[in-house]
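Observations on the model geometry
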Amino acid sequence: MAIAFMNPFTEGVEFTSPLVFMFSHYALFAAGLILGYTLFSVERRVWVIGAIVAVIWHIPQPFALSAGLQSFRAIEEATMILGGLLMGSNIKTMGQITKLTLTVLWLVGDTTLSVLFIGKPTLYSHSSIAYSPYQPSGFPITGVAMVLWMNAVLIYLVYTYVRRVNATIVKAHGA
């Protein structure tokens, strides 16, 4: 997954397309999350650091720096993977309420970012930040794609939860 966004072709496109750049964030964080979940189980609340990393890279100035400058891009990619790794390493030890709260916070945060991309695209573009490589016109489609992605993830999570609950009910009733 991360390989799809960490190669010379895609890296080049990320300097001109906020859509590809934003989806690289998803892929890098998800790759770290999967690795962390698969390889580690940490009881300390290191997920907080992972969440902070994800938030920081979506503030307009750091977002534009990593979008426009290769040196910041390397830092952003490494820390997004690390942030996902920290989050993933805690999933097994998190309570259901914490998992639900973090999911809701992600949805609220990404929805807010989507609204900004659609309604105020100049906030993240070179119109407001000189070193941003992006035209304002690239952000509305990015915001819409993010909403579609969040809905797809939410549908998957609800489907998985319902299947698990249904299997538990069937097992409890001996059917």
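Just above sits the structure.
Here is a short report on the structure shown in this document. Since we're looking at a predicted model, the values are computed, not measured. (Residues numbered from 1 in each chain as written. Predicted model: local features only at pLDDT ≥ 70, side-chain atom pairs only at ≥ 80, totals over all residues. Heavy atoms only, no water.)

A look at the nonpolar core
Test applied: Definition of nonpolar core: a set of buried residues of the types Ala, Val, Leu, Ile, Met, Phe, Trp, Tyr and Cys, connected through side-chain atoms within 4.5 Å. Three exposure classes are used, based on accessible area relative to the maximum for each residue type with a 1.4 Å probe and protein chains only: buried under 20%, partly exposed in between, and exposed over 50%. Note on conventions: DSSP H or I runs of at least 4 residues are helices, E runs of at least 2 residues are strands, and numbering of each starts at the N terminus. We call two residues contacting when some pair of their heavy atoms lies within 4.5 Å.
Met22, Phe63 and Phe117 are the most contacted members of the largest nonpolar core, which has 13 residues in total. Looking at this core, the elements that each hand over two or more residues are α2 (18-39), α4 (60-68), α6 (96-119) and α7 (139-172). When residues of this core are assigned to their parent elements, the largest contribution, four residues, is made by α2. In this structure Met22 touches His58, Phe63, Leu113, Phe117, Thr142 and Met146, once residues within four positions along its chain are discounted. Counting nine residues, the second-largest nonpolar core is a separate cluster that includes Phe29, Val53, Met87 and Leu102.

Points about the environment of Leu123
One can find Leu123 in the loop between α6 and α7. Here Leu123 falls in the partly exposed class, since its relative accessible area comes to 30%. Placed 64 residues apart in sequence, Leu123 and Ile59 show a C-alpha to C-alpha distance of 9.9 Å.

Points about the packing of aromatic side chains
Formally: Put simply, two rings from Phe, Tyr or Trp (the six-membered ring, in Trp's case) pair if the centres are within 6.5 Å, and we call them stacked under 30 degrees between planes, edge-to-face over 60, tilted for the rest.
Per the stated rule, a full pass over the model turns up 13 aromatic pairs. Where Phe21 meets Tyr134, the ring centres are 6.1 Å apart and the plane angle is 45°; that geometry is what we call tilted. One end of the pair, Phe21, is in helix α2; the other, Tyr134, is in the loop between α6 and α7, with 113 residues separating them in the sequence. We note that Phe21, like Tyr134, is buried. Residues Tyr124 and Phe139 carry aromatic rings whose centres are separated by 6.2 Å and whose planes lie at 45° to one another, so their mutual orientation is tilted.

Quick notes on the pattern of salt bridges
Note the threshold: Any Lys or Arg side-chain nitrogen found within 4 Å of a carboxyl oxygen on Asp or Glu counts as a salt bridge.
Counted by the stated rule, this structure contains two salt bridges. Where Arg73 meets Glu11, a salt bridge forms, and the shortest distance between an N and an O atom there is 3.1 Å. Note that Arg73 is positioned in helix α5 (residues 70-90) and Glu11 in helix α1 (residues 8-14), a separation of 62 residues in sequence. The pair Arg73 / Glu11 is uniform in exposure class, with both members buried. Notably, a salt bridge pairs Arg73 with Glu14, separated by 3.1 Å at the nearest N-O pair. Within this pair, whereas Arg73 is found in helix α5, its partner Glu14 is found in helix α1, the two being separated by 59 residues in sequence. The pair formed by Arg73 and Glu14 is uniform in burial state, with each residue classed as buried.

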